[in-house]
Amino acid sequence: MSIARHPVKRRGLAFKLSLMILTGTAVIFTAAFGYNYIYSRNQILKNVETNAQNLTLAAVNRIETVLRGVEKDPSYLAHALSEKKFDHQTLLGRVEALLNTNPDIFGSAVAFDPYAFDPESLYFAPYYYRDGISLKLKLIYLGNKLYQYFFWDWYQIPKELERAVWSEPYFDEGAGNIIMSTYSIPFSRINGKKRVFTGIVTADISLDWLVDIVSRLSPYGSGYAFLISQSGVFVTHPDREAIMRESIFSVAEAANDRELRETGRAMIRGETGFVALKKHFSGQKAIIGTAGFGILFLVIVLISGTITRPLRTLAGKAAEIARGNLDIEVTEVKSNDEIGELSRSFDNMKVALKEYIANLAETTAAKERYESELKIARTIQMSFLPKNFPPFPENVEFDIYATLDSAKEVGGDLYDFFLLDEDHLFFSIGDVSGKGVPAALFMAATKTLMKGTAGRDMAPSEVLSRVNRELCLGNDSMMFVTVFCGILNFRTGEVLYSNAGHNPPLILRAGQPPEWLTLPDGFFLGTMEDSVYETRQILLAPGDMLLLYTDGVTEAMNGDKFFYEERRLIRVTEDHGHEPPENLVREILRSVRDFAGSEPQSDDITMLALSFRRRAENPS
Amino acid sequence: MDIGITVAAGKPGVNVVRLSGRLDAATYEAAQPVIAEALEKGPAGMILDMGSLDFISSAGLRTMIIVWKKAAADGKRIAMVDVQPQIYKIFKIAALDKVFRFFDNEGEAVRELWS
């Protein structure tokens, strides 16, 4: 027996288990996490947006409040100036009062057009501002050859636009060294019928408070807010260094961030909106996720390995046992789980297998011995029977042929024939009850006794009586044998015959249908010591034939459990009765075989055909 | 086909054994002890109801002879009842028709042998 080995590397149970669990976990986790992530993200974004909007709105409101406050008083002053003329001192007083009532205003100036206040004076622009350290109000007069204020933006732009204007934030180095923005309100006077531009009232505010307000906007701790001017310059920024020095565009340029540039432009256009930052997903989450799965995989592999280790060991042992090594030690797994049970069953199986194989070997050896003995027995048994045909070639007066086909190695049928003298032939057929070795032994005893008993001047009935008495001696098992025997005088064709319970032979008279030979009563041999047998006589004409057979012929069975029966035997005998004995016997045997088909032979099949050819030429 | 055996009480002291199917080399080993026991327990003898027995081989005949010998030794009687023709033919060939008594039915057997 050979065991096929698969060259393909097999994946271990632990590997499969790990892979399946991990795949399952990954799918479920990804689905759950993905859904949760998207949902939370949307929720958070919504919150952030709302929050940011609210914060911005609040900040804008505060800034507006301050700015409106800052705008109010200078506007009144400008209005007052357009209605009437103030003298120098009154004007100074109004400006001073303006600063005193508005702490948010850093400084304020009233700058007149050249010669508008005093026809003698080119410049007139008193400017009050808070001193950076003492916070006391200081007064200076702007305007000289180097600072011709009426050419400056803060003067020119509102003058040209004829409306109040907030300047771009700027860094004032002269007065306060702070970032400021200036609110400039133009005023005019009616000169004749015409309104003539007269000057500008300014209010400077420090942008420090703006920085304070905006920098306090810190959404979610990680966020920050900044304010840009019309030109994109940072007015406030958490990084104070960037204020006035950097613009949103310079930052975008430095980072080569096109989106930031677009955002800046949108902000300048006064739009409101939200922009997604591309680099929000840092990859950290991916790393954590991957690492998590890695650890999970290791844990699963470890657990699977631990669980399947005894299985792997068992598999190895099983392969070893399959190779025929039954002495291998199956280490018992001391756990009460299925693997422990498997291991114990496996060990039991091994022991049982070992026992079974030992028994089988013993049985096989015994069987082989028995079979070989049976074969020898068969040879011996067959050697009892005359098997060389024609047996008496010099005797042309008769022709005889016989066959015995055992159902088992040895059988219980018998036939025999031998010459008693130069013109007497003794012939017999018999069937021992049962089959196998006991029957064979009984057959051998019967055959030997018959040959030893039969004699020239002894009637067949006497032969049967004597053999019966011998067989009855000590026959406790009640074996018996049916025997038909006869003596042919081939000089005359006379046949003397007797019967001990055997089925009647067929007699084939030349040119006539076969018929059964009438038999005397006779109990079979071996059971009753005092059985009496009778001899009868018939005369055979040349061409007549006797066919002796055992019930193995007529009781041969086919697959449908039908018997061969006498009628089939008669038919074959009718067809081939005129042929030599050997042909007839062979035809009957073939017919029986064809009938039985594949059905196993259940009984010995024995036939003896004796044909009388002619009377001896030279009667002695 | 198998041998079927039923044992019934026919008359006090007489057991009835019903045989069916085939009594041959394959079945006689099971049949013999049952028949022997039925005979043993019937002090007056035994009735063998052969109505359903379809076939008897030489091994079956041997069983019959053993039973008959035992009955003869103990002085008991055996009645064969309702034997089918092909079985009777075999009994006749073996000359067993001379040693057994044959009847059509149980009643007749009881009347003839045990009354």
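*Asks:* Teacher, can you tell me more about the overall build of chain A here?
*Replies:* Helix and strand content of chain A: 13 helices and 19 strands. Across the 620 residues of chain A, 27% fall into the buried class. Intrachain contacts of chain A at a sequence separation of at least 6 include 64% that bridge at least 24 residues.

*Asks:* How do you make sense of the overall build of chain B when you look at a structure like this?
*Replies:* Helix and strand counts for chain B stand at four helices and five strands. When the elements of chain B are put in sequence order from the N terminus, they spell out β-β-α-β-α-β-α-β-α. By residue count, 40% of the 115 residues in chain B fall in the buried class.

*Asks:* Mind showing me how you'd approach the sheet that holds strand 16 (residues 515-516) of chain A here?
*Replies:* Backbone-to-backbone hydrogen bonds join strands into a sheet, with any given pair of strands oriented parallel or antiparallel. Residue and element names in this part refer to chain A. One open sheet accounts for five strands, arranged 10-19-18-15-16; its pairing is antiparallel. What marks the edges here is a single partner per strand, and that holds for strand 10 (398-405) and strand 16. The sheet contact formed by strand 18 (residues 545-549) and strand 19 (residues 605-612) spans five bridges and is antiparallel. Within the sheet, the bridge partner assigned to tyrosine 549 lies in strand 19 and is methionine 607. Here helix 13 (residues 581-596) sits on the sheet and contacts strand 10, strand 18 and strand 19; the angle it forms with strand 19, its principal contact strand, is near 155°.

*Asks:* How should I be thinking about the interface of chain B and chain A in this particular structure?
*Replies:* Interfaces are frequently sized by the accessible area removed from exposure as the parts join. The partner chain A presents 14 residues to the 11 residues of chain B that form the contact. No other element matches helix 2 (residues 58-74) of chain B, which puts six residues into the side of chain B that touches chain A. Along the lines of polarity and charge, the residues of the side of chain B that touches chain A split into eight nonpolar, one polar and two charged.

*Asks:* Which parts of the structure should I look at to understand the pairing of strand 3 (residues 45-56) of chain B?
*Replies:* On a regular strand, one side chain projects to one face of the sheet and the next to the other, so that they alternate. Residues and elements named next belong to chain B. Where strand 2 (residues 14-23) meets strand 3, nine bridges bridge the pair, whose relative direction is parallel. Bridge pairing in strand 3 places asparagine 15 opposite methionine 46. Crossover strand 2 to strand 3 through helix 1 (residues 28-41) is right-handed. Pairing analysis gives five bridges linking strand 3 to strand 4 (residues 77-81), with the strands arranged parallel. Across the sheet, residue leucine 48 finds its bridge partner in strand 4, namely methionine 80. Crossover strand 3 to strand 4 through helix 2 is right-handed.

*Asks:* I tried to follow the confidence of the model for chain A on my own but got confused; where do I start?
*Replies:* Parts of the model with low pLDDT should not have their predicted coordinates read in detail. Taken residue by residue, chain A gives an average pLDDT of 85. The fraction at 70 or more is 94%. The least confident element of chain A, judged by mean pLDDT, is strand 5 (residues 170-172) of chain A at 75; the most confident is strand 18 of chain A at 96.

*Asks:* Sorry if this is basic, but what is going on with the packing of helix 7 (residues 284-322) of chain A against helix 8 (residues 338-384) of chain A here?
*Replies:* Helix-helix packing: each pair is described by the crossing angle between the helix axes and the interaxial distance. All names here are of chain A. Viewed as axis vectors pointing N to C, helix 7 and helix 8 meet at an angle of 15°, and their least axial separation amounts to 11 Å. One way to sum up the angle between helix 7 and helix 8 is to call them roughly parallel. The handedness of the crossing between helix 7 and helix 8 comes out as left-handed. Residues Pro310, Leu311, Leu314 and Ile321 of helix 7 form the contact with helix 8, whose participating residues are Ile339, Leu342, Ser343, Phe346 and Lys350. Among the residues making up the contact of helix 7 with helix 8, the classes are represented as seven nonpolar, one polar and one charged.

*Asks:* Would you explain helix 8 of chain A in this entry?
*Replies:* Owing to its 3.6 residues per turn, the α-helix brings residues three or four apart onto one side. The terminal C-alpha atoms of helix 8 of chain A, which comprises 47 residues, lie 66 Å apart, in line with the 69 Å expected from a rise of 1.5 Å per residue. Along helix 8 of chain A, only two of the 47 residues are buried, which leaves the element largely exposed.

*Asks:* How should I be thinking about the pairing of strand 1 (residues 105-112) of chain A in this particular structure?
*Replies:* All names here are of chain A. Taken across its eight residues, strand 1 has eight buried, putting it largely inside the fold. Pairing of strand 1 with strand 7 (residues 194-206), which is carried by seven bridges, proceeds in the antiparallel orientation. Opposite alanine 109, over in strand 7, you have threonine 202 as the bridge partner.

*Asks:* What's the story with unusual backbone geometry in this structure? I'm lost.
*Replies:* Negative phi is the rule for most residues except glycine; trans is the rule for most peptide bonds. In this structure, proline 390 of chain A follows phenylalanine 389 of chain A across a cis peptide bond, with omega equal to -10°. Along the chain, proline 390 of chain A turns up in the loop between helix 8 and strand 10. Located in the positive-phi region is glutamate 565 of chain A, a residue other than glycine, with phi close to 70°. On the basis of neighbour count, glutamate 565 of chain A is assigned to the partly exposed category, with 13 C-beta atoms found within 10 Å. Located in the positive-phi region is aspartate 82 of chain B, a residue other than glycine, with phi close to 60°. Within the secondary structure layout, aspartate 82 of chain B lies in the loop between strand 4 and helix 3 (85-93).

*Asks:* Please explain the packing of helix 5 (residues 248-255) of chain A against helix 6 (residues 258-268) of chain A as it appears in this structure.
*Replies:* All names here are of chain A. Interaxial distance between helix 5 and helix 6 falls to 8 Å at its minimum, and their mutual angle equals 170°. As far as their axial angle goes, helix 6 and helix 5 are roughly antiparallel. Between helix 5, through Ile248, Phe249, Val251, Ala252 and Ala255, and helix 6, the contact on the second element is made entirely by Leu260, Arg261 and Gly264. Considering only residue class, the contact of helix 5 with helix 6 consists of six nonpolar, one polar and one charged.

*Asks:* Just to check I follow, could you spell out the sheet that holds strand 17 (residues 535-539) of chain A for this structure?
*Replies:* All names here are of chain A. Strand order in this open sheet of five strands is 11-12-13-14-17, and the pairing throughout is antiparallel. Of all strands in the sheet, those with a lone pairing partner are strand 11 (413-421) and strand 17, marking the two edges. Sheet twist, expressed as the average angle between the axes of neighbouring strands with direction ignored, equals 20°. By the bridge criterion, eight bridges tie strand 11 to strand 12 (residues 424-432) in an arrangement that is antiparallel. If you follow tyrosine 415 over to strand 12, its bridge partner there is isoleucine 429. This element, helix 9 (residues 436-453), spans strand 11, strand 12 and strand 13 (481-489) of the sheet and lies at about 10° to strand 11. The sheet contacts of helix 10 (residues 460-472) involve strand 13, strand 14 (494-500) and strand 17, and relative to strand 14 the element is tilted by about 30°.

*Asks:* Any chance you could explain the nonpolar core here in plain terms?
*Replies:* Across soluble globular proteins, nonpolar side chains show a tendency to be buried alongside one another. Core analysis: the biggest nonpolar cluster contains 94 residues, and Leu525, Leu547, Val553, Met607, Leu608 and Leu610 of chain A together with Leu48 of chain B have the highest contact counts within it. Aside from chain neighbours lying at most four places away, what touches leucine 547 of chain A is Pro505, Leu506, Leu508, Thr573, Leu584, Met607 and Ala609 of chain A. Phe106, Ile179, Ala203 and Val233 of chain A belong to the second-largest nonpolar core, a separate cluster that totals 39 residues.

*Asks:* Help me out: how do you make sense of the environment of methionine 557 of chain A in this one?
*Replies:* You can see methionine 557 of chain A is positioned in the loop between helix 11 (551-554) and helix 12 (565-576). Once the C-alpha coordinates of methionine 557 of chain A and glutamate 599 of chain A are considered, the two residues, 42 residues apart in sequence, prove to be 7.1 Å apart.

*Asks:* Any chance you could explain the environment of proline 513 of chain A here in plain terms?
*Replies:* Tracing the backbone through its elements, the reader meets proline 513 of chain A in the loop between strand 15 (506-508) and strand 16. Each C-alpha atom, one on proline 513 of chain A and one on glycine 577 of chain A, is 9.0 Å from the other, the two residues being 64 residues apart in sequence.

*Asks:* Explanation requested: the environment of leucine 414 of chain A in the structure shown.
*Replies:* Residue and element names in this part refer to chain A. Here leucine 414 lies in strand 11. Judged by the 27 C-beta atoms lying within 10 Å of it, leucine 414 falls in the buried class. On a C-alpha basis, the gap between leucine 414 and glutamine 381 in space is 9.5 Å, while along the polypeptide they are 33 residues apart.

Calculation notes
- Residues numbered from 1 in each chain as written.
- Chains lettered and ligands numbered in written order.
- Predicted model: local features only at pLDDT ≥ 70, side-chain atom pairs only at ≥ 80, totals over all residues.
- Helix = DSSP H or I, 4+ residues; strand = E, 2+ residues; numbered from the N terminus.
- Buried ≥ 20, exposed ≤ 12 C-beta atoms within 10 Å, placed from the backbone.
- Contact = placed C-beta atoms within 7 Å.
- Pairing = 2+ DSSP bridges.
- Axes fitted to C-alpha atoms, helices over the stretch in contact; angles between N-to-C directions.
- Nonpolar A, V, L, I, M, F, W, Y, C, P; charged D, E, K, R; others polar.
- Right-handed = clockwise from strand over helix to strand, strands pointing away.
- pLDDT = per-residue confidence, 0-100.
- Parallel < 35°, antiparallel > 145°, perpendicular 65-115°, else oblique.
- Left-handed = near helix turned anticlockwise from the far one by under 90°.
- Expected span 1.5 Å × (residues − 1).
- Core = buried A, V, L, I, M, F, W, Y, C linked by C-beta atoms within 7 Å.

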